[in-house]
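# Overview (structure and organization)
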Amino acid sequence: MKITRVETFAVPPRWLFCRIETDDGIVGWGEPVVEGRAATVRTAVHELAEYLVGQDPMRIEDHWQVMTKGSFYRGGPILSSAVAGLDQALWDIQGRALGVPVHVLLGGPVRERVRAYSWVGGDDPAEIADAVKAQVDAGFTAVKMNACGRMDKLATAADITSVVERAATARDVLGPDRDFAVDFHGRFNAANARRVLPHLADLHPLFVEEPVLPEYAHRLPEVVAASTVPIATGERIYSRTEALPALQAGIAVLQPDLSHAGGISEVRRLASLAETYDVLLAPHCPLGPISLAASLQVAFSTPNFLIQEQSIGIHYNNGAEVLDYVVDREVFRFDEGHIRRPLGPGLGITVDEQAVRRADNSTSDWHSPVWRHNDGSFAEW
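Just so it is clear, the structure is predicted and the values come from calculations on it, not from any experiment. (Residues numbered from 1 in each chain as written. Predicted model: local features only at pLDDT ≥ 70, side-chain atom pairs only at ≥ 80, totals over all residues. Heavy atoms only, no water.)

## Topic: helix α9 (residues 240-249)
For the record, the criterion: Exposure categories follow from relative accessible area, calculated using a 1.4 Å probe and restricted to protein chains: below 20% of the type maximum is buried, above 50% is exposed, and the middle band is partly exposed. Helix and strand definitions here come from DSSP, where helices need a minimum of 4 consecutive H or I residues and strands a minimum of 2 consecutive E residues; each element is numbered from the N-terminal end. By arc we mean the arc of the directions from the helix axis to the C-beta atoms, nothing more. Whether two residues touch is decided by their heavy atoms; if any such pair falls within 4.5 Å, the residues are in contact.
Taken as a whole, α9 has its buried residues at A243, A246, L247 and A249. An end-on view of α9 places all buried positions within 155 degrees of arc, on one side of the element. For α9, the exposed residues lying more than 90 degrees away from the buried face are T241 and Q248. Buried-residue contacts for α9 involve α8 (220-225), β8 (231-233), β9 (253-254) and α10 (263-275). Remark: G250 follows α9 within two positions and exhibits a positive phi of approximately 100 degrees.

This is the structure we're talking about:
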């Protein structure tokens, strides 16, 4: 079997899909994208495709090594995301060729269902109670919310109170038997995080995510030490070497993204590395159906898995929805806030190729909002 063609599709709302075709008719799909840099990643995918065409798709690990290390300049979100989508597609091909789900190739299932959480916003505190209640009514047992909107460089008393009130509102609606996570979204610096975290402890969040920007990972030990609240990070970490300082700092949850951190191959290794630090895995996934399907294949084969993010119904998805690009929507059906183990071969989904081709290039590139502080200086989004 040989790879004969690699295609990419830029589809609404802000996703990039890739399709790898082989000479015996087996096709694999992946989702290589950096939100806000889809066009750049698309170029990187086609550069890597020059190597892949003509190769045996079953040699996944060798291809991963060449794609990540075959250039003198390595790493970074663009390259690792391009590799991630191609890696997903190669695993999809291998599973389909052998007639088994990818999680079987990764050692077999260690659970029969995966717990998932739903997003409830948080930038606007007035929406929290209704948004959380809607997810509880839908059967979810966990939600995630932003801690705040724009955050001052050093939090005021009002800033701190607002963060705590949001979290308290979520806890009141959820009660003691459900969970909420709080995403600081890199909007806090270490000083702000250390001040706010102790105020959240009595509300028992499942975790607080990205309390500082990834470039300040050397500050994580003091943030971890400031509170008993479990700390999570990893959506902007793309490899094992980048994850190591966070793991050594004492985080509780690692959150690599299957479309950013080198795909199934590297995230599986990240999960094993995290396990040696007694750290749980909660894959980041505010993206489309292929990324979610790849995340689930890892989740079902990873002993130290905690919970899965998913973007069905998320506010970012304007113009298209996760389920618009799959033939069988039942694969992503939630049962008491969980997804059952997919039994189909490869990634376990059938991409609606005609829908993807119709949607290709039908939307302008999405870019992250640019926020500013009251004095006009740049603020983290």
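## What to know about the pairing of strand β2 (residues 15-22)
In regular strands, side chains alternate between the two faces of the sheet. Note the cut-off: By the convention used here, strands pair only if DSSP detects at least 2 bridges between them.
The element β2 is extensively covered by neighbouring structure, given that seven of its eight residues are classed as buried. Relative to β2, strand β1 (residues 3-11) runs antiparallel, the two sharing eight bridges. If you follow T8 over to β2, its bridge partner there is C18. Between β1 and β2, which follow one another and run antiparallel, lie three residues. Here β2 folds back onto strand β3 (residues 27-30), and the loop between the two strands holds four residues, one of which, G25, carries a positive phi near 95 degrees.

## Re the sheet that holds β1
The line we're drawing: To obtain each axis, a line is fitted to C-alpha atoms, and for helices this fit is confined to the stretch in contact; angles are then taken between N-to-C directions over 0 to 180 degrees.
Ordered in space as β1-β2-β3, the three strands form an open sheet in which the pairing is antiparallel. In this open sheet, the two edge strands, each paired with only one partner strand, are β1 and β3. Direction aside, the axes of adjacent strands within the sheet are offset by 20 degrees on average. Where β2 lies against β3, four bridges are found, and the strand directions are antiparallel. Note on β3: the bridge partner recorded for I20 is G28. Packing against the sheet, helix α1 (residues 38-52) makes contact with β1 and β2, and its axis sits at approximately 175 degrees to β1.

## Remarks on the environment of V33
Looking at the secondary structure, you find V33 in the loop between β3 and α1. Judged by its relative accessible area of 0%, V33 falls in the buried class.

## Things to note about the pattern of salt bridges
The following threshold applies: Throughout this description, the term salt bridge denotes a Lys or Arg side-chain nitrogen within 4 Å of a carboxyl oxygen of Asp or Glu.
Applying the stated criterion to the full structure yields 25 salt bridges. D179 is the partner of R115 in a salt bridge, and the nearest nitrogen-oxygen pair spans 3.0 Å. Of this pair, R115 sits in strand β4 (residues 113-119) while D179 sits in strand β6 (residues 179-183), and the two are 64 residues apart along the sequence. Assigned by exposure class, R115 and D179 land together as buried. Shared partners join several salt bridges into a network, and the residues in it are R5, E7, R19, E21, E353 and R357.

## Some thoughts on the packing of helix α3 (residues 77-98) against α10
The criterion, for reference: Angles are sorted into four bins: roughly parallel if under 35 degrees, roughly antiparallel if over 145, roughly perpendicular if 65 to 115, and oblique for all others. Here the nonpolar group is Ala, Val, Leu, Ile, Met, Phe, Trp, Tyr, Cys and Pro; Asp, Glu, Lys and Arg are the charged ones; every other residue, Gly included, is treated as polar.
α10 packs onto α3 with a crossing angle of 95 degrees between their chain directions and a minimal axis gap of 6 Å. What the angle tells us is that α3 and α10 run roughly perpendicular. Each of A84, D87, Q88 and W91 in α3 lies in contact with α10, whose residues at this interface are G263, I264 and S265. Here the residues of the contact of α3 with α10 sort into three nonpolar, three polar and one charged.

## Quick look at unusual backbone geometry
With omega at 5 degrees, the peptide bond leading from P12 into P13 counts as cis. Relative to the helices and strands, P13 is located in the loop between β1 and β2.

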